[in-house]
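The residues making up each chain are set out below.
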Amino acid sequence: MPYVIRNGQLEKAKPVLKLTPEQQRVLRISTKRQSAKLKEIKAKLEKEAS
Amino acid sequence: MHPYGLSPLDFSELDNFFKEFDFSEDEAHTREYLGMVQESAYCQQIIIHEASSISDEDLFGFVALSITHEDVDNVPGLLVEFIYVKPKYRKKIAEFADTQYSYIILDYIIEVALKLQKQVAINHVYLVPVNEKVRALYLDYGFVNIPSSGKNENEDFMVFNLLDEDPVLM
């Protein structure tokens, strides 16, 4: 579990217990930037594998 | 061959590895966090991956990785527990890679996740920035905030999706 600095103290981050529809949407849909980065890294991995 | 190398460390390598770092320049909170990271690594709850420059054989940082448990509503993913870049390399461009040292580590994390995805069907990389300065860096890289997921907006989880498209629509 990651930590955050809260009120000057290092505290455990709060787990997400039940995703809201808006949060689910963020987890389902990649952004353009993410897609571009994935394409770039997959190409690099393929090049290394060949 | 890359001018840099990142690789996971075996439990037996941790002692020598941590001796390579001097954390005295880091803030008190960071040192406290680093203590917990080391303890978790020794308990094998996280895996430390070292990051080094091949040319000068200098370690420039490391990342601590695990798999989510209940962290994000039981949606599985690779969890970035901690990223450490030595102070002298922070916000600096690695000339050998033409990008920031932090981004070299982030690229590596996505590579690890993509390799894992082929084996165990995880589709997300998660992290929680320890402060707002690093949140900006992760946003710039491509991570997005999971809105209202933290105790306050400064503590929101961030996610990087590994699927190009929404599988529900495919």
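This is a predicted model, so every value here is computed, not measured.

Caption draft 1: Layout of the overall build of chain A. The helix and strand inventory of chain A stands at two helices and two strands. Along its sequence from the N terminus, chain A presents helices and strands in the succession β-β-α-α. Principal axes of the C-alpha set define a box for chain A whose edges measure 50 × 30 × 15 Å.

Caption draft 2: Fine view of the overall build of chain B. Each helix and strand in chain B was counted, giving four helices and nine strands. Reading the secondary structure of chain B in the N-to-C direction produces β-α-α-β-β-β-β-β-α-β-α-β-β. Taken along the three principal axes of its C-alpha coordinates, chain B extends 50 × 35 × 30 Å. Buried residues in chain B amount to 35% of all 170 residues.

Caption draft 3: How the structure looks around the sheet that holds strand E9 (residues 158-161) of chain B. Residues and elements named next belong to chain B. Judged by pairing direction, the sheet is mixed, and its seven strands sit side by side in the order E1-E2-E3-E4-E7-E9-E8 without closing on themselves. Across the chains shown, the open sheet's two edge strands, defined by having one partner strand only, are strand E1 (4-8) and strand E8 (144-145). Inspection of the sheet shows strand E3 (residues 59-67) paired to strand E4 (residues 78-85) by seven bridges, in the antiparallel sense. Across the sheet, the residue bridging to Ala-64 is Phe-82, located in E4.

Caption draft 4: Quick look at the pairing of strand E7 (residues 124-127) of chain B. All names here are of chain B. Of the two faces of E7, both are covered, the one formed by His-124 and Tyr-126 as well as the one formed by Val-125 and Leu-127. Two strands pair when backbone bridges link them, and E4 and E7 are joined in this way by three bridges, in the parallel orientation. Bridging across to E7, Val-80 finds its partner in Leu-127. Both E7 and E9 contribute to a ladder of four bridges, which runs antiparallel. By the bridge assignment for E9, Tyr-126 is matched with Val-159.

Caption draft 5: Geometry of unusual backbone geometry. Residues and elements named next belong to chain B. The phi torsion at Gln-44 lies on the positive side, around 60 degrees, for a residue other than glycine. With respect to the element layout, Gln-44 can be found in the loop between helix H2 (28-42) and strand E2 (47-53). Judged by the 10 C-beta atoms lying within 10 Å of it, Gln-44 falls in the exposed class. In the Ramachandran plot, Asp-98 falls in the positive-phi region, its phi being about 55 degrees despite a non-glycine side chain. One can find Asp-98 in the loop between strand E5 (93-94) and strand E6 (99-100).

Caption draft 6: The nonpolar core, seen in detail. All names here are of chain B. In this structure, Val-80, Ile-105, Ile-109, Val-125, Tyr-126, Met-158 and Val-159 are the most contacted members of the largest nonpolar core, which totals 49 residues. With eight residues, helix H3 (residues 101-120) is the largest single contributor of residues to this core. Excluding anything up to four places from it in sequence, Ile-105 contacts Ala-51, Gly-61, Val-63 and Ile-83.

Caption draft 7: Spatial organisation of the interface of chain B and chain A. On the chain A side, the residues contacting the 35 residues of chain B number 30 residues. Secondary-structure elements contributing two or more residues to the side of chain B that touches chain A are H2, H3, E7 and E9 of chain B. No other element matches the four residues that H3 of chain B contributes to the side of chain B that touches chain A. Looking at the side of chain B that touches chain A, its residues break down into 17 nonpolar, seven polar and 11 charged.

Caption draft 8: Representation of the packing of helix H2 (residues 32-49) of chain A against H3 of chain B in the model. The contact between H2 of chain A and H3 of chain B brings their axes to 10 Å, and the two run at 75 degrees. The angle between H2 of chain A and H3 of chain B places the two elements in the roughly perpendicular class. Mapping the contact onto sequence places Lys-37, Ile-41, Lys-42 and Leu-45 of chain A in H2 of chain A and Asp-107, Ile-110, Glu-111 and Leu-114 of chain B in H3 of chain B. Among the residues making up the contact of H2 of chain A with H3 of chain B, the classes are represented as four nonpolar, no polar and four charged.

Caption draft 9: Structural view of the environment of Gln-38 of chain B. Relative to the elements of secondary structure, Gln-38 of chain B occurs in helix H2. Along the primary structure Gln-38 of chain B and Ala-64 of chain B are separated by 26 residues, whereas in three dimensions their C-alpha atoms are 9.3 Å apart.

Caption draft 10: Here's a closer look at the confidence of the model for chain B. Scored by pLDDT, chain B has a mean of 91; 95% of the residues are at 70 or more. The complex model carries a pTM of 0.93, and its ipTM stands at 0.93.

Cut-offs applied
- Residues numbered from 1 in each chain as written.
- Chains lettered and ligands numbered in written order.
- Predicted model: local features only at pLDDT ≥ 70, side-chain atom pairs only at ≥ 80, totals over all residues.
- Helix = DSSP H or I, 4+ residues; strand = E, 2+ residues; numbered from the N terminus.
- Buried ≥ 20, exposed ≤ 12 C-beta atoms within 10 Å, placed from the backbone.
- Pairing = 2+ DSSP bridges.
- Core = buried A, V, L, I, M, F, W, Y, C linked by C-beta atoms within 7 Å.
- Contact = placed C-beta atoms within 7 Å.
- Nonpolar A, V, L, I, M, F, W, Y, C, P; charged D, E, K, R; others polar.
- Axes fitted to C-alpha atoms, helices over the stretch in contact; angles between N-to-C directions.
- Parallel < 35°, antiparallel > 145°, perpendicular 65-115°, else oblique.
- pLDDT = per-residue confidence, 0-100.

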